[in-house]
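# Topology and contacts: notes
Each chain, written out:
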Amino acid sequence: MSDQSAHAGGCFCGAIRYRLTESPMFVHGCHCRDCQVQTGGPFAVNALIERSCVELVSGKPVRVELPTDSGQPHDIYRCPECQTAVWSDYGRREVLVFIRAMTLDAPEACPPDVHIFTRSKMPFIDLPNGAKAFEVFYDMQAEWPAASLARYDALKTRRLGV
Ligand SMILES: [Zn+2]
Ligand SMILES: [Zn+2]
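Going by an unreviewed UniProt entry, the protein carries the name GFA family protein and comes from Hyphobacterium lacteum. Under Sequence similarities (unreviewed entry), UniProt gives the following word-for-word description of the protein: "Belongs to the Gfa family."

The following block contains the structure:
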């Protein structure tokens with residue numbers, strides 16, 4: 001990423017500031033009911049990136065643990081002051097985070113690559129022509145760019161400590 005400033009972000013009050021040292025691997029527009037309730041909006045925009053590529057510039061987000069249907073924990077990391085959610089960790093993987101892309105200073109730089117769980121998409125939301133939309137989930141191998149798949153594979157290796 002040549003323009004680092006495009007990947008800076010933070011919470012509403014400014015106590016948390018972060019910087020992404022790489023472009024996200026992939027971006028989800030998630031229309032699931034959990035995201036709708038948790039964000040108060042029609043869908044969440046989640047930028048998937050290695051935790052090691054998220055540099056905290058100031059502040060320290062606090063973890064809020066939520067249950068999910070899968071039984072895996074969903075940890076939301078929030079500003080301790082204003083409670084803005086800055087990222088999520090699904091399944092407590094710790095090496096992979098879902099940046100809440102609207103907390104980026106330039107969120108238009110991270111549009112969704114796919115829209116998922118569109119079975120609960122709000123009828124007042126029309127997706128752009130040509131948008132990739134999936135009723136539930138999608139096939140990573142088919143949708144992710146090769147470079148991102150390689151980064152994801154490297155992450156799995158790191159997680160297993162091999
Ligand atoms: Zn804050
Ligand atoms: Zn969701």
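### Thoughts on the coordination of the zinc ion (ligand 1)
Tetrahedral metal sites with four donors have an ideal angle of 109.5 degrees; octahedral sites with six donors have ideal angles of 90 or 180 degrees. For the zinc ion (ligand 1), the full set of protein donor atoms is C11 (SG), C13 (SG), C79 (SG) and C82 (SG), at a range of 2.3 to 2.4 Å. The site at the zinc ion (ligand 1) holds 4 donor atoms, and with the angles between them running 106 to 112°, its shape is tetrahedral. For C79, a relative accessible area of 0% puts it in the buried group.

### Some remarks on the UniProt feature "domain: CENP-V/GFA" (unreviewed entry) in the protein
Taking the numbering used here, the UniProt-annotated feature "domain: CENP-V/GFA" (unreviewed entry) corresponds to residues 7-113. The distance from the first to the last C-alpha atom of residues 7-113 is 17 Å, and the span holds 7% helix and 42% strand.

### Considering the coordination of the zinc ion (ligand 2)
Looking at the zinc ion (ligand 2), the protein donor atoms are C30 (SG), C32 (SG) and C35 (SG), and they sit 2.1 to 2.3 Å from it. Positions of the donor residues of the zinc ion (ligand 2) along the chain correspond to the pattern C-x1-C-x2-C. A relative accessible area of 15% means that C32 is categorised as buried. On the basis of relative accessible area, C35 is assigned to the buried category, the value being 4%.

### Points about the packing of aromatic side chains
The description of an aromatic ring pair rests on the distance of the ring centres and on the angle between the ring planes. Scanning the entire structure with this criterion turns up 8 aromatic pairs. A centroid spacing of 5.7 Å and a plane angle of 45° characterise the contact between F134 and Y138, whose relative ring orientation is tilted. The pair F134 / Y138 is uniform in exposure class, with both members buried. Ring plane angle 25° and centroid distance 4.5 Å describe the contact between F137 and Y138, whose orientation is recorded as stacked. Judged by its relative accessible area of 9%, Y138 falls in the buried class. Put simply, the rings of F26, F134, F137, Y138, W144 and Y152 pair up and form one aromatic cluster.

### Digging into the pairing of strand β3 (residues 26-30)
By the criterion of burial, β3 is predominantly enclosed, with 5 of the 5 residues buried. Burial along β3 is two-sided: the residues F26, H28 and C30 and V27 and G29 are all buried. Note: β3 against strand β4 (residues 44-50), 5 bridges, orientation antiparallel. Across the sheet, residue H28 finds its bridge partner in β4, namely N46. Both β3 and strand β10 (residues 114-116) contribute to a ladder of 3 bridges, which runs parallel. Looking at β10, one finds that C30 is bridged to I116.

### Overview of the layout of surface pockets
If you add up the space inside the largest pocket, you get close to 710 Å³. Together, 29 residues line the largest pocket, and C30, C32, Y90, F117 and F137 are the ones closest to its centre. Going through the elements one at a time, β3, α1 (33-39), β4 and β9 (96-100) are the ones with two or more residues in the lining of the largest pocket. Residues belonging to the lining of the largest pocket are distributed by class as follows: 15 nonpolar, 9 polar and 5 charged. Elements that contribute at least two residues to the lining of the second largest pocket include exactly α1 and β4.

The rules behind each value
- Residues numbered from 1 in each chain as written.
- Chains lettered and ligands numbered in written order.
- Predicted model: local features only at pLDDT ≥ 70, side-chain atom pairs only at ≥ 80, totals over all residues.
- Heavy atoms only, no water.
- UniProt positions renumbered as here; feature names shortened; annotations may be inferred.
- Donors = N, O, S within 2.8 Å, 3.2 Å for Na, K, Ca; no water.
- Tetrahedral: all angles 85-135°; square planar, octahedral: opposite > 155°, others 65-115°.
- Buried < 20%, exposed > 50% of the residue type's maximum accessible area, 1.4 Å probe, protein only.
- Helix = DSSP H or I, 4+ residues; strand = E, 2+ residues; numbered from the N terminus.
- Phe/Tyr/Trp six-rings, centres within 6.5 Å; stacked < 30°, edge-to-face > 60°.
- Pairing = 2+ DSSP bridges.
- 1 Å grid on protein atoms, 1.4 Å probe; cavity = no way out; pocket = protein on both sides within 12 Å on 5 of 7 lines; lining within 4 Å.
- Points joined across faces, edges and corners; volume = space filled by probe spheres on them.
- Nonpolar A, V, L, I, M, F, W, Y, C, P; charged D, E, K, R; others polar.

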